[in-house]
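Geometric and topological summary
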Amino acid sequence: MKIDHITLLVSSLELSMPYYEQLLPLLGFSKKKNHVWTDGEGFFFQFLQAKAGTSAYERYGAGMNHLGFGASSPEQVYGVRAAMAEAGFEVPEVQNLGGAIALFMKDLDGVRFEVTYYPPGMAVVD
């Protein structure tokens, strides 16, 4: 089996979707229908409205910490950063993590996305 979808609940579909409409095509996804994106290879992102009064995302709380995407080159990492910044989103600097070139971004709810180029032979996770 393989993972086939992730459903992210956001505090506001209206405010959050412009971020994802910019980011997801940069990561190789296309819009299938409202609030659903696919990589064309059987993996989907679905976005739903969170219920009022629920807890917000906590980076170090139990549950998901971040979503990581592997870039094919350092230039792709820098390209994602430039495109997101040009679209008006707050984007941190790219980091060099012992040879890996990494970008860690946050959506409006604080959910983190990592875009990293790993040199050949470097482990994705320790």
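Here, the structure is the one placed above.
Quick caveat, the model's predicted, so the values are computed rather than measured.

**Things to note about the environment of Phe47**
In this structure, Phe47 sits in strand β4 (residues 44–49). Residues Phe47 and Val36, 11 residues apart in the sequence, show an inter-C-alpha distance of 6.5 Å. Setting aside anything within four residues of it in sequence, one finds Phe47 in contact with Leu8, Val10, Leu13, Met17, Tyr20, Leu24, His35 and Trp37.

**As for the packing of aromatic side chains**
Scanning the model with the defined rule gives 12 aromatic pairs in all. Relative to Tyr20, the ring of Tyr19 has its centre 5.3 Å away and its plane inclined at 85°; by these criteria the two rings are edge-to-face. Measuring from ring centre to ring centre gives 5.6 Å for Phe43 and Phe45, while their planes differ by 85°; the resulting arrangement is edge-to-face. You'll find Phe43 and Phe45 in the same group, each marked buried. Counting every residue linked through ring pairs, the aromatic cluster contains Tyr19, Tyr20, Phe29, Phe43, Phe45, Phe47, Phe69, Phe89 and Phe113.

**What about the pairing of β4?**
In the sheet, strand β1 (residues 5–10) pairs with β4 via 6 bridges, with the strands oriented parallel. Bridge assignment links His5 to a residue of β4, and that residue is Phe44. Both strand β3 (residues 36–38) and β4 contribute to a ladder of 3 bridges, which runs antiparallel. Counted as the bridge partner of Thr38 is Phe44 from β4. Linking β3 to β4, which pair antiparallel, is a turn of 5 residues; within it Gly40 sits at a positive phi near 80°.

**Notes on the sheet that holds strand β5 (residues 66–70)**
In space, the 4 strands of this open sheet follow the order β5-β8-β7-β6, with mixed pairing throughout. Each end of this open sheet is capped by a strand with a single partner; those strands are β5 and β6 (95–97). Put simply, the sheet's adjacent strands are angled 30° from each other on average, direction ignored. Both β6 and strand β7 (residues 100–106) contribute to a ladder of 3 bridges, which runs antiparallel. Its bridge partner lying in β7, Leu97 is registered against Ala100. This element, helix α2 (residues 74–86), spans β7 and β8 (112–117) of the sheet and lies at about 25° to β7.

**Description of the layout of surface pockets**
Size it by volume and the largest pocket reaches roughly 350 Å³. Leu9, Ala50, Ser55, Ala56 and Tyr57 are the residues nearest the centre of the largest pocket, which is lined by 17 residues in total. When its residues are assigned to classes, the lining of the largest pocket shows 10 nonpolar, 4 polar and 3 charged. When its volume is computed, the second largest pocket comes out at roughly 280 Å³. What lines the second largest pocket is a set of 15 residues, and nearest its centre among them are Glu114, Tyr118, Ala123, Val124 and Val125. Going through the elements one at a time, β5, β7 and β8 are the ones with two or more residues in the lining of the second largest pocket. In terms of residues, the lining of the second largest pocket owes the most to one element, β5, which gives 4 residues. Taken together, the residues of the lining of the second largest pocket break down into 10 nonpolar, 3 polar and 2 charged.

Reading the values: the criteria
Residues numbered from 1 in each chain as written. Predicted model: local features only at pLDDT ≥ 70, side-chain atom pairs only at ≥ 80, totals over all residues. Heavy atoms only, no water. Helix = DSSP H or I, 4+ residues; strand = E, 2+ residues; numbered from the N terminus. Contact = heavy atoms within 4.5 Å. Phe/Tyr/Trp six-rings, centres within 6.5 Å; stacked < 30°, edge-to-face > 60°. Buried < 20%, exposed > 50% of the residue type's maximum accessible area, 1.4 Å probe, protein only. Pairing = 2+ DSSP bridges. Axes fitted to C-alpha atoms, helices over the stretch in contact; angles between N-to-C directions. 1 Å grid on protein atoms, 1.4 Å probe; cavity = no way out; pocket = protein on both sides within 12 Å on 5 of 7 lines; lining within 4 Å. Points joined across faces, edges and corners; volume = space filled by probe spheres on them. Nonpolar A, V, L, I, M, F, W, Y, C, P; charged D, E, K, R; others polar.

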